[in-house]
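Spelled out from the first residue to the last, the chains are:
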Amino acid sequence: MASMSQSTTHDPLGRPLVEIGFQVTLAILVCLVSTLGNVLVVYVINKDSRLKSITNIFIHNLALTDISMATLHMPFWVVSTYTGTWIFSKKWCEVSASIQFTLGMASILNMGLIALNRYIRVVKPALYSKLFASKRTAWFYCFLVWLVSILLATPPLYGWGEMAYHAKFSVCTFGWKLKHISYAILIVGGLVNGVTIAIFYSYYKIYKTVKASTQNVNAHGAENGVGTSNSRRPDMKLLKTSFTVVCVFVMTWGPVSIVVIVETAGCFIPWEVYTVVIYLMFSSSLVNPIIYGIMNPQFKLAFKKALSCGRHGNENPNQSCTGHGRRTTDERPGEMEVEH
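Residues numbered from 1 in each chain as written. Predicted model: local features only at pLDDT ≥ 70, side-chain atom pairs only at ≥ 80, totals over all residues. Heavy atoms only, no water.

## Notes on the packing of aromatic side chains
By the definition in use, this model includes 20 aromatic pairs. On the basis of an interplanar angle of 40° and a centroid distance of 6.1 Å, the ring pair of phenylalanine 76 and tryptophan 86 is categorised as tilted. You can see phenylalanine 76 sitting in helix H3 (residues 54–83) and its partner tryptophan 86 sitting in the loop between H3 and helix H4 (90–123), a full 10 residues away along the chain. The exposure classification of phenylalanine 76 matches that of tryptophan 86, with both residues buried. Considering the side-chain rings of phenylalanine 169 and tyrosine 274, the 5.1 Å spacing of their centres and the 75° angle between planes classify their relative orientation as edge-to-face. (Phe/Tyr/Trp six-rings, centres within 6.5 Å; stacked < 30°, edge-to-face > 60°. Helix = DSSP H or I, 4+ residues; strand = E, 2+ residues; numbered from the N terminus. Buried < 20%, exposed > 50% of the residue type's maximum accessible area, 1.4 Å probe, protein only.)

The structure is reproduced here in structure tokens:
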């Protein structure tokens, strides 16, 4: 008991060494896996000509956002989790908080943009060629995502709110206080909730549209005596993917949004809740490569080739380990990869 009490005296938060070790280890894992997973996504998109599509430009941008979060912000979260306090300068705290806000908003907006792209591609195909005319247009949308994110993240630096170290989150972030509730409403009520509704609506309409199309194909096949035993498989795959995207988004960004609003209103929140929701928020960078990449068969094949290149790349000298040489047609307005 004496040794345990001594192990907590040097920690500002009064945590035992076992708890500190667990939290730091988990934070490091989130940071490393987020970096490696998203670097792999960027690598295969750049190397595999089959993955150079408009939708994948947005996934590429999302991966770059998550890489930036894992390399520019998470390391300071890891250090603060270990020390229990902010050991860097106050100015850098403001910079770190601005980086987190910018990257967090960019990540959310990228996920919304991916959902919108898929929605228009499947539900409003006539508009697709107008709104997503070329890859240059897609990159322009990515630029807008970053511009809007910076504009929304920096007002506290100019006096609309304040950035400070949040001991319960172990990060520098916006000061969630009642006097700054207008900015909190803009970010959480406007941005996060708005994108959440858009993602829900987009994937719901996509599923309904594909289901209706499948039913029409089934009816036509029945009239002509064609079997439709596998007709529901695409519907179920799309439903599974859409459900996963929506649930992961809500699970990773929903809890932290609720916590900051409750805190801004002045209500008490247990310390453990803060710890859990900040891990969930950063885990968004970890799971994005899975739900936007690995669940797509084209990405899965590219990943296998990239990871097995060193072992099997010399078996066929005429075959690139990342699939060069075959370029698929860019996205057509009326088509959608079911697993994607």
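## Quick look at the state of the cysteines
Summed over all chains, the structure comprises one disulfide. Bridging cysteine 93 to cysteine 172, the disulfide has an S-S length of 2.0 Å. Measuring handedness by torsion sign, the sulfur bridge of cysteine 93 and cysteine 172 sits at about -115° and is left-handed. Separated by 79 residues along the polypeptide, cysteine 93 in helix H4 and cysteine 172 in strand S2 (residues 171–174) bring together distant segments of the chain. Comparing cysteine 93 with cysteine 172, the two get one shared label, buried. (Disulfide = S-S within 2.5 Å.)

## What to know about H3
Look at H3: 43 Å from first C-alpha to last across 30 residues, which is about the 44 Å you get at 1.5 Å a residue. Positive phi shows up at glycine 84, right after H3, with a value of about 80°. (Expected span 1.5 Å × (residues − 1).)

## Here's the deal with unusual backbone geometry
Glycine aside, a negative phi is what most residues show, and trans is what most peptide bonds show. A positive phi angle, close to 65°, is found at serine 170, a residue other than glycine. With respect to the secondary-structure elements, serine 170 resides in the loop between strand S1 (163–166) and S2. On the basis of relative accessible area, serine 170 is assigned to the buried category, the value being 8%.

## Focus: the side chain of serine 96
Within the secondary structure, serine 96 sits in helix H4. Apart from the residues lying within four places of it in its own chain, the contact partners of serine 96 are His73, Trp86 and Cys172. (Contact = heavy atoms within 4.5 Å.)

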